[in-house]
Structures are given as C-alpha cells and as structure tokens.
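Architecture and fold: a report
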Amino acid sequence: MNNLVILPILIPLLMGVILIFFKDSKSVQRTVSVISVGLMIAVSAYLTYIVYTEGIQTTELGDWPAPFGIVLVADLLSSSLVALSSLLSLVCLFFAYQTFSAERERNFFHPFFLFLMVGVNGSFLTGDLFNLFVFFEVMLISSFILISMGSKQYQLRESLKYVIINTVSSMFFVAAIAYIYGVTGTLNMADLAVKIGELEQTGVISVIAVLFLFVFGTKSAIFPLYYWLPHSYFAPPAAIAALFGGLLTKVGVYTIMRTYTLIFPHDQTVFQILLIFGGLTMFIGVLGAVSQFDFKRILAVHIVSQVGYMIMGIGIFTPLAIAGTFYFLAHNIIVKSALFLFAGVAEKITGTSHLKQMSGLLKTHPYVGWLFLITALSLAGIPPLSGFFGKFALIIAGFDAGNYFVIAVSLATGVLTLFSMMKIFMTSFWGEVKMPDPQAKDKKVGSLLIPILPLVALTILLGVAAEPFMQFSLELAEQLMDPSEYINSVLNKE
Amino acid sequence: MKNTPVQLHVITRIVAFIILAFSVFLFFAGHNNPGGGFIGGLMTAAALVLLYLSFDLKTIKRVIPFNYSKIIGAGLLIAILTGIVGMLFGFPFLTQFDEYYHIPLLGETHAASALPFDLGIYLVVVGFTLLVILTVAEDDS
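For clarity, every value in this text was computed on a predicted model and none was experimentally measured. (Residues numbered from 1 in each chain as written. Chains lettered and ligands numbered in written order. Predicted model: local features only at pLDDT ≥ 70, side-chain atom pairs only at ≥ 80, totals over all residues. Heavy atoms only, no water.)

With that out of the way, let us pick up the overall build of chain B. Tallying secondary structure elements over chain B gives five helices and two strands in all. A compact globule built from 141 residues should have a C-alpha radius of gyration of about 14 Å, whereas chain B, at 18 Å, is more than 25% larger. For chain B, buried positions account for 37% of its 141 residues. Within chain B, counting contacts between residues at least 6 apart in sequence, those at least 24 apart form 63% of the total. Per element, the accessible surface of chain B, about 8900 Å² overall, is 72% carbon and sulfur. Averaging the coordinates of the 6 positive side-chain charges in chain B and doing the same for the 8 negative ones gives two points 22 Å apart. (Helix = DSSP H or I, 4+ residues; strand = E, 2+ residues; numbered from the N terminus. Rg over C-alpha atoms; globule rule 2.2 N^0.38 Å. Buried < 20%, exposed > 50% of the residue type's maximum accessible area, 1.4 Å probe, protein only. Contact = heavy atoms within 4.5 Å. Areas by Shrake-Rupley, 256 points an atom, 1.4 Å probe, with all protein chains shown as cover. Lys, Arg positive; Asp, Glu negative; His and termini not counted. Charge placed at Lys NZ, Arg CZ, Asp CG, Glu CD.)

As a further point, take the overall build of chain A. The secondary structure content of chain A amounts to 22 helices and two strands. Since a compact globule built from 494 residues should have a radius of gyration of about 23 Å, the 22 Å found for chain A is in line with a globular shape. Principal-axis analysis of the C-alpha atoms places the extent of chain A at approximately 70 × 55 × 40 Å. Taken across its 494 residues, chain A has 63% of its residues classed as buried.

We now examine the packing of aromatic side chains. Aromatic ring pairs are described here by two measures, namely the spacing of the ring centres and the angle between the planes. All names here are of chain A. Counted by the stated rule, this structure contains 41 aromatic pairs over all chains. Taken together, a centroid distance of 5.7 Å and an interplanar angle of 90 degrees make the contact between F144 and Y162 edge-to-face. One end of the pair, F144, is in helix α6 (residues 129-148); the other, Y162, is in helix α7 (residues 153-184), and 18 residues separate them in sequence. Each of the two residues, F144 as well as Y162, counts as buried. Among the aromatic residues, ring-to-ring pairing joins F130, F133, F136, F173, F212, F216, Y260, F264, F271 and F317 into one connected group. Its end group placed over the ring of F234, R297 keeps NZ or CZ at 4.0 Å from the ring centre. Between K356 and the ring centre of F293, over which it is positioned, the NZ or CZ distance is 4.3 Å. (Phe/Tyr/Trp six-rings, centres within 6.5 Å; stacked < 30°, edge-to-face > 60°. Lys NZ or Arg CZ within 6 Å of the ring centre and 35° of its normal.)

So, about the pairing of strand β1 (residues 57-60) of chain A. All names here are of chain A. Side chains Q57 and T59 project from β1 onto one buried face, and the interleaved T58 and E60 project onto a second face that is buried too. Here four bridges tie β1 to strand β2 (residues 71-74), and the two strands are oriented antiparallel to one another. Bridging across to β2, T59 finds its partner in L72. (Pairing = 2+ DSSP bridges.)

Bringing the pattern of salt bridges into the picture now. Side chains bearing opposite charge may pair, as long as their charged atoms lie close to each other. All names here are of chain A. The full count for this structure, using the stated rule, is five salt bridges over all chains. Among the salt bridges present, the one from K161 reaches E158, with a minimum N-O distance of 3.4 Å. Of this pair, K161 and E158 both sit in helix α7, separated by three residues, roughly a single helical turn. Assessed through its relative accessible area of 41%, K161 is described here as partly exposed. A salt bridge links D191 to K195; the shortest N-O distance between them is 3.2 Å. (Salt bridge = Lys/Arg side-chain N within 4 Å of Asp/Glu carboxyl O.)

Moving on to the interface of chain A and chain B. On the side of chain B, 17 residues touch chain A, which itself brings 18 residues to the contact. For the pair chain A and chain B, the summed buried surface comes to about 1400 Å²; carbon and sulfur atoms form 80% of the total. On inspection of chain A and its partner chain B, the count reaches zero salt bridges. For the pair chain A and chain B, the interface holds three residue pairs in polar contact (both at pLDDT 80 or more). Breaking the side of chain A that touches chain B down by element, the ones donating at least two residues are α1 (7-20) and β1 of chain A. Of the residues belonging to the side of chain A that touches chain B, the class tally is 13 nonpolar, three polar and two charged. (Buried area = accessible area lost by both parts, 1.4 Å probe. Polar contact = N/O pair within 3.5 Å; in protein donor to acceptor, adjacent residues only side chain to side chain. Nonpolar A, V, L, I, M, F, W, Y, C, P; charged D, E, K, R; others polar.)

So, on to the side chain of A:T417. All names here are of chain A. If you trace the backbone, T417 turns up in helix α18 (residues 404-429). With relative accessibility at 0%, the residue T417 sits in the buried group. The contacts of T417, once residues within four sequence positions are left out, are V286, H302, Q306, L379 and A380.

Another point: a positive patch on the surface. The grouping of A:K23, A:K26, A:R106 and B:K70 at the surface amounts to a positive patch. Following the sequence through the fold, A:R106 ends up in helix α4 (residues 102-106). (Patch = residues over 30% accessible without salt bridge, like charges linked within 9 Å, V, L, I, M, F, W, Y side chains within 5 Å.)

This brings us to the UniProt feature "domain: Na+/H+ antiporter MnhB subunit-related protein" (unreviewed entry) in chain B. When the UniProt feature table is mapped onto this chain, "domain: Na+/H+ antiporter MnhB subunit-related protein" (unreviewed entry) is found at residues 8-130 of chain B. Regarding residues 8-130 of chain B, the helix share stands at 69% and the strand share at 10%, and the terminal C-alpha atoms are separated by 21 Å. (UniProt positions renumbered as here; feature names shortened; annotations may be inferred.)

Any region with low pLDDT has predicted coordinates that should not be read closely. Of all residues in chain A, 99% have pLDDT values of 70 or greater, and the mean over the chain is 90. Per-element confidence in chain A ranges from a low mean pLDDT of 74 for α4(A) to a high of 95 for helix α5 (residues 109-125) of chain A. (pLDDT = per-residue confidence, 0-100.)

On the surface, B:V6, B:V10, B:I11, B:I14 and B:I18 cluster together into a nonpolar patch covering about 470 Å² of accessible area. Positionally, B:I18 belongs in helix α1 (residues 6-29).

So this is what it looks like as structure tokens:
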C-alpha cells in the first residue's frame, strides 16, 4: 500500500476544484495551475523512480481489499506515462498562456484543463475496468468542454461529432464491461487475468476482446474508426490540439496495451486482427496526410498513421515489439505535441494554417524553421532522432516474428511520412517570403518557442541516448509480458 | 404577470417545505438505509425548481442569492477533503471511519465519515441540477 500512487490524480483534482472559486482572477488561476502541474511532474517522476527501484506500487482505495475494492496500480508503463503526460501538460499550459485570450481563460479553462489531467492520469493508473470507464468519462467530458470552448461555428459542428462518437463508444464500453463481468464475475484487472487464464471457453472471450478493441479503437483512432479525428483535432487552438494530439489517442493505445497484455494475451486471432488493422491504419492514415494541404490537418491525420505503428507493435506481441511500442508511444507524445505547437506558432506569425498561403518562414523566422525541421525529421524516423529507434525496434521485432508484409507496409508508410513532413517544410518554410499578413515579418515569437524547447530537446535526447531508454523500455516490456508480478502485487500474493 | 396563480403560490409555499424536510430526512437516512447525498440533493433541487416555476426567476434569485457553480465547487471540496483526512493518518484515500456515540436527546448516534462525504455529494447534485435548469431557462429570454 502506497498513497503516492493516488497523488497524480488527487493533486489536479483538488487544485481544479479550488480554482472554481477563483474564476475571475487570472493571476491566481495561472499560478495555481502551474504549481499543481509542477507538483504532478515531481510526484510522478518520484513514483517512476520508486517503481523502478522497488517494483509495482498499489493503493487500495477506501482500504477495501483487492478484488472487491478499486485498486490503483503503478507499474513502469503507467508511471512513466503519467510522468510524460504531466510534463506535456506543463508545456501546453505555458503555450496556452501566450496564445489565449483573456476571455477564454476566464471560462473555467484551468479547472477543466486540470480535470482532463485527472482523467488521463487516472486512466493510466487504475487497476479496475469499471474505474477505467469512469476516468475515461472524466477525461472525455473535460475534453468536450475544452474542444468546444470558443464557440466558433466550425468548432461546435466538429465537437458535436466528437461528443456523439465518443458517447457511442462509451456505451459499448459499458456493454463490454457487463459481458466480461457476466463471464468472470470480477472487474479487477489482475483478478480478470487470473480468471480468464483459468477459463476453458475461448469463443466468448474472443467476442469480448473484439468488443473492447472496438471501444479502445474508437478512442485511439485506428482504421475504420478514425474518421472523427482529423476534423475535431483541427478545430481547437494549438495548445489544446497539442495536448489532445499528444495524449488522448495515446490513452486509447495504452488501454489496448494494458488489456491485451494482461487480460487477453491467450487469444491469437485478436493479435492477427491487431496486425491487420495496424497496417491498414498506418497506411491509410499517411495517405490522408499526403493529400492534405493544411498544416494542422496534416498533423491531425498523421496521428492516425502513428497510432497504426503502435497497434502493429502490440499485434506482433514479443518483448522487443512491446518495448518498441512503448518507445514509439513516448516519442510520439513528445513529437506530435511539439509539431502541433509549431503549427500554432506558424499560424500566429502568418495568420493562416494553409500551406499554400504561406512561404519563406525560414527567412523571416529561422529558429522556428530549424526547430521544426528537427521535430519533423524525428517524426519521419531519421536517425539519430527518437523516431528512428522506436521504428527500428518495431521492425526488428517484426522480422523476428516473420510478419514481413506488415513490416513492408510500415516502411512504405515511413517514406510517405517523410514526404508529407517535407511538403510542409518546403512549401511554408522555403521559398520567397509570402504571407497574408503584411506585418508577419516583424512578429517576434521567441517567447512562444521557449515552451517547445524541452520537447525538442527530449526528442534529441531520446535519440542520442537511446541505449538507456531502450533498456528501460525492455524492462517495461518484460514486466508487461509476464503479468505475474502485476497480479501478485495487486492480489497481495507473495 | 397580470393573473397571479394564487392556488399555485399557496400550495408551493407549503409543499416546498415538505419536500425540503423530506430531502433532509433522506440525506440522513443514507449509507445504512435507502437515501444519501445524491437522492437527497435531487429532492432539494426539485423543491427549489418548484419555487422557480411558480414564482418567477427574479423573485427567487433575491431569496436564494447563491452562485450555483460555487456550490458545486464547495461540494467537491468537502468530498475530496473527507477522503484526504484518512490519508493524513496513513490510511488509503477515501477510507471511511465510523463510531457510535451517545448524545443526549438523540440517543445512540451513528457518526460516520461517510456523512461529510455525502454532504459534498448533496451540494454537488443541488448545484449541478439547478445550474443546468437555470442556464437553459435563462437562455430562453
């Protein structure tokens, strides 16, 4: 029992509630948000360290023993993702301060930003399937509010679709939970892993597994369920789009990783399905990105394609593939958010996000251009940046497992990713200076770049110092592939 | 309004208090019998909505000058702090404690830390219900 595990959920919850009382004071809102996100980073980094040195940590909420009450579990995967998402939220918060109008900040932006983090951290940490649903809802309701804030016509239309699709998938989530409860009589994930391992019948379990895949697939935007994503992530301002693009779909990927390594690892057909959909997701996603001519839209469609790689990694299902999946996930959280923030910077300078209307940014704002190039190359997987090593591990693992076709697809996707990133760089950063806003040349955006710098530094660091990070990912993957440590620490078996 | 609905006003004045009293009963009946913060809060909100319906918005706003979003905040705060108190003594978050006390006049009383938590829920439910209904109603004008 360790109360440290609840703190990444409790800090933003408490601070968010306190901020409801200070709706009108901008300075209080900003200071309290920054302090609480800072605390979150410190606590989650410490938690990761404790988990790394002492093993999995758990908290039984309300002191109810494990299979009956709700357990929060911090293993390497969840604690390191909590740490990453806390860091990302701090970056987005600082970016938001410089781009948001005062009115937007007054309309409960800060409380809901913190509640979103409650939902994200809670989804990572919970060890109970129904509690996972609750944290999903916390996250979704906050995201509904953040995505529709500002009430532009386009924004409202797209966020309505986002709300409806997510509500429908939540309904299926509850149905799937009901099925699995009907079959096993428990919702504690560790207990489920034991019970499903003991069950003989595989037909029902496969149906439930596919139902969960549908639910988490909708949240994480895998192939045929991704259509809602590009439009709704295009609608909100850059700081919020960066947070959503970096985190929300990754929470879906995390839940697939968690449930398929822990609860359904015996079902070979499901992993075949994951492989097929992973390949389709990445290829169709990247084709969508190639055809677009809008900075933010290209990035939004790219999220789909990147999720495909992670699904493929889970589908291959060897320790190296899971390690690669985590590495790629971490890399993607960092790089995707950084790119969205660069799109925000470019929009701030030129007043548009359409590629054909801007060019020559490299001449007027060289730092923006070069930093963007580093991040874009990292996304495309050019060594020595972080994207390369994630893909490298995935591809090696795929060759070892003999999945040659999906590996070929992923390599082709990599080339097209590079193409679409270079398209952004060549059209909007190279060439003659041409921007719709005549004052664009003299706009100073140095202070906007500062919040992005840690992300760019991290992607370089993850690439240059890949050895220790890959070692960490491999340990994490071993912990996932052998769920006995997880099960024992939750159910208190020695 | 020219025609004041006298019957409605008179009945509302009586009925609202009956509903409010019953909601308090339900609130305290909770955690051992059917009842609790959620249902008690809904009942209170129903009484208040009845008041808003029979009298107009301005009159009741003068009588009940609360900011409902702050009531939601207060309720959440109470509920979370109840959970945190246990953590200070080394128990997990949301651990509940209870004890039987003998209080003069009331006799044997069951004191549980679930009660302040329920009070938080009660405030959140009242605040939320009225905030939603009033926002929709005000939007009309």
